[in-house]
Amino acid sequence: MAKTNLTYWYHLIAIITVIIWGTTFVSTKVLIHHGLSPVDILFYRFALAYICIWFISPKVLFARSKKDELMFVAAGLCGGSIYFITENTALGITLASNVSLIICTAPILTAFLSLLFYRQEKIKPNLIYGSVMALIGVAFVVFNGSFLLKINPLGDMLTLIAALMWAFYCLILKQTGNRYPTLLITRKVFFYGLVTLTPMFLVHPLNTDTTILLNPVVAANLLFLGVVASMLCYIMWNTAVKELGPFRTANYIYIVPLVTLITSAIVIDEIITVVALIGSVFILSGVYIAERGFRFGKKQNCPPN
């Protein structure tokens, strides 16, 4: 019974994380309105997160092996720089609705990558049914009653790459989570996310205008994105992936558009249509069905979560 209650706690952690991530678009829009680029925002939020987590994470500089250190580099790339760069670039060249819809393929990609790399894992039909149902619900919520889908090969491909990067990130967490503390892994993700982001400043120099950065509104939103949406949420997400596995955790990504919809209605008075409400039901039902449709093979034959 105690173990079951603990499992529910990790599900709750994952849900809280995606709820917070679903609201970050407001802070990002505010910061862009004040003159920061998406790359500037990512740098400052990861820098703040790294500084804060340094004080509470184990004071270990390097992993136990070169292979593990390279895994951390890959985590920083997949869950940090490449993911955000491709997603934000896509937002600039294709419709936001396209990006919102395609990025939600991450749970499905995670499931199939899990099958590819961990053949002991099995998928029940309910997983497929639930994932498809949730994705249909995402489409309803994203378009919110006014269907507009314009194919943009480059933008849509970049978004798909972002979703694939997040799927790989979850699998990397699965590999490293049983050998290293979550706080150390998370700190490494921020560090290598920052390191691999720096080449972007050769094209788009970092905005260091103190007039902008010290503006109370800008500072408050950067603190929220850095301390809460990055440091706290990455710790929570990495913990959930470690305990629940990559797919069961990634499954909650479907909820992000639903949270964004509700936040939009509250903050910027966006109208929620009947179609969006139907989509919300599809999302919640699909997440429930898909989560029940996923199971691992025998514990002794598969890597620990």
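Residues numbered from 1 in each chain as written. Predicted model: local features only at pLDDT ≥ 70, side-chain atom pairs only at ≥ 80, totals over all residues. Heavy atoms only, no water.

- In the nomenclature of an unreviewed UniProt entry, the protein chain corresponds to EamA domain-containing protein from the organism Parabacteroides gordonii MS-1 = DSM 23371.
- Turning to the protein chain, the UniProt record has this under Subcellular location (unreviewed entry): "Cell membrane". (UniProt positions renumbered as here; feature names shortened; annotations may be inferred.)

### Notes on the overall build of the protein chain
Here's step 1: Broken down by element type, the protein chain carries 13 helices and 2 strands.
Here's step 2: By the burial criterion, 49% of the 305 residues in the protein chain qualify as buried.
Here's step 3: Of the contacts formed within the protein chain by residues at least 6 apart in sequence, a portion of 89% connects residues at least 24 apart.
Here's step 4: Working note: accessible area of the protein chain is about 14500 Å², and carbon and sulfur atoms make up 72% of it. (Helix = DSSP H or I, 4+ residues; strand = E, 2+ residues; numbered from the N terminus. Buried < 20%, exposed > 50% of the residue type's maximum accessible area, 1.4 Å probe, protein only. Contact = heavy atoms within 4.5 Å. Areas by Shrake-Rupley, 256 points an atom, 1.4 Å probe, with all protein chains shown as cover.)

### So, the nonpolar core
Here's step 1: In this structure, Leu36, Trp166, Tyr169, Tyr234 and Trp237 are the most contacted members of the largest nonpolar core, which totals 65 residues.
Here's step 2: No other element matches the 11 residues that helix α10 (residues 216–244) contributes to this core. (Core = buried A, V, L, I, M, F, W, Y, C linked by side-chain atoms within 4.5 Å.)

### As for the packing of aromatic side chains
Here's step 1: In the structure shown here, the tally under the stated rule is 19 aromatic pairs.
Here's step 2: Between phenylalanine 43 and tyrosine 44, the ring centres sit 5.5 Å apart and the planes meet at 80 degrees, which makes this aromatic pair edge-to-face.
Here's step 3: Between tyrosine 50 and phenylalanine 191, the aromatic rings sit 5.8 Å apart at their centres with planes inclined by 40 degrees, giving tilted as the arrangement. Of this pair, tyrosine 50 sits in helix α2 (residues 38–54) while phenylalanine 191 sits in helix α8 (residues 182–197), placing them 141 residues apart in sequence.
Here's step 4: Three or more aromatic residues joined by ring pairs make a cluster, and in this case those are Trp21, Phe46, Tyr83, Phe84, Trp166, Tyr169, Phe190, Tyr234 and Trp237.
Here's step 5: Directly above the ring of tryptophan 54 sits lysine 59, whose terminal nitrogen or CZ lies 5.8 Å from the centroid. (Phe/Tyr/Trp six-rings, centres within 6.5 Å; stacked < 30°, edge-to-face > 60°. Lys NZ or Arg CZ within 6 Å of the ring centre and 35° of its normal.)

### Some points on empty space enclosed by the protein
Here's step 1: Taken as a whole and assessed by the stated rule, the structure comprises 1 cavity of 30 Å³ or more.
Here's step 2: By volume, the largest cavity amounts to about 40 Å³.
Here's step 3: Contributing to the lining of the largest cavity are Leu173, Gly177, Thr182, Ile185, Asn238 and Lys242.
Here's step 4: Every element with two or more residues in the lining of the largest cavity is listed here: α8 and α10.
Here's step 5: By residue class, the composition of the lining of the largest cavity is 2 nonpolar, 3 polar and 1 charged. (1 Å grid on protein atoms, 1.4 Å probe; cavity = no way out; pocket = protein on both sides within 12 Å on 5 of 7 lines; lining within 4 Å. Points joined across faces, edges and corners; volume = space filled by probe spheres on them. Nonpolar A, V, L, I, M, F, W, Y, C, P; charged D, E, K, R; others polar.)

### Things to note about α10
Each α-helix winds once per 3.6 residues, and so residues spaced three or four apart point in a common direction.
Here's step 1: Between the first and last C-alpha of α10 there are 39 Å, a value that for 29 residues agrees with the 42 Å anticipated at 1.5 Å per step.
Here's step 2: Residue cysteine 233 marks the point of greatest curvature in α10, where the axis turns by about 35 degrees.
Here's step 3: By the N-cap criterion, in which a side-chain oxygen at the helix start approaches the backbone nitrogen of a residue two or three places on, α10 is capped by asparagine 215, the distance to valine 217 being 2.9 Å.
Here's step 4: Where α10 terminates, the next one or two residues include glycine 245, which has phi positive at roughly 100 degrees. (Expected span 1.5 Å × (residues − 1). Bend = angle between axes of the 7 residues up to and from the residue. Polar contact = N/O pair within 3.5 Å; in protein donor to acceptor, adjacent residues only side chain to side chain.)

### Section: a nonpolar patch on the surface
Here's step 1: A cluster of nonpolar side chains, Val132, Ile136, Phe140, Val274, Val275 and Ile278, forms an exposed patch at the surface whose accessible area comes to about 460 Å².
Here's step 2: Breaking the nonpolar patch down by element, the ones donating at least two residues are α6 (125–143) and α13 (274–292).
Here's step 3: Residue position: valine 132 is located in helix α6.
Here's step 4: Look at valine 132 and you get partly exposed, because its relative accessible area is 42%. (Patch = residues over 30% accessible without salt bridge, like charges linked within 9 Å, V, L, I, M, F, W, Y side chains within 5 Å. Salt bridge = Lys/Arg side-chain N within 4 Å of Asp/Glu carboxyl O.)

### Some points on the side chain of threonine 159
Here's step 1: In this structure, threonine 159 sits in helix α7 (residues 153–176).
Here's step 2: Residue classification places threonine 159 among the buried residues on the basis of a relative accessible area of 0%.
Here's step 3: Discounting residues that sit within four places of it in the chain, threonine 159 has contacts with Ala90, Val99, Ile102 and Ile103.

### A look at the pattern of salt bridges
Here's step 1: The full count for this structure, using the stated rule, is 2 salt bridges.
Here's step 2: A salt bridge links aspartate 68 to arginine 179, with the shortest nitrogen-to-oxygen separation between them at 2.7 Å. Taken together, the residues span a long stretch of sequence, with aspartate 68 in helix α3 (residues 66–93) and arginine 179 in the loop between α7 and α8 at a distance of 111 residues.

### Quick notes on the environment of glycine 245
Here's step 1: If you trace the backbone, glycine 245 turns up in the loop between α10 and α11 (246–250).
Here's step 2: With relative accessibility at 0%, the residue glycine 245 sits in the buried group.
Here's step 3: Sequence separation between glycine 245 and lysine 174 is 71 residues, and the spatial gap between their C-alpha atoms is 6.6 Å.

### Quick word on the packing of α3 against α8
Here's step 1: Taken N-terminus to C-terminus, the directions of α3 and α8 make an angle of 60 degrees; their axes are 7 Å apart at the nearest point. Considering their axes alone, α3 and α8 lie oblique with respect to each other. Relative to α8, the crossing made by α3 is right-handed. Each of Glu69, Phe72, Val73, Ala75, Gly76, Leu77, Ser81 and Ile85 in α3 lies in contact with α8, whose residues at this interface are Ile185, Lys188, Val189, Tyr192, Gly193, Thr196 and Leu197.
Here's step 2: Class assignment of the residues belonging to the contact of α3 with α8 gives a composition of 9 nonpolar, 4 polar and 2 charged. (Axes fitted to C-alpha atoms, helices over the stretch in contact; angles between N-to-C directions. Parallel < 35°, antiparallel > 145°, perpendicular 65-115°, else oblique. Left-handed = near helix turned anticlockwise from the far one by under 90°.)

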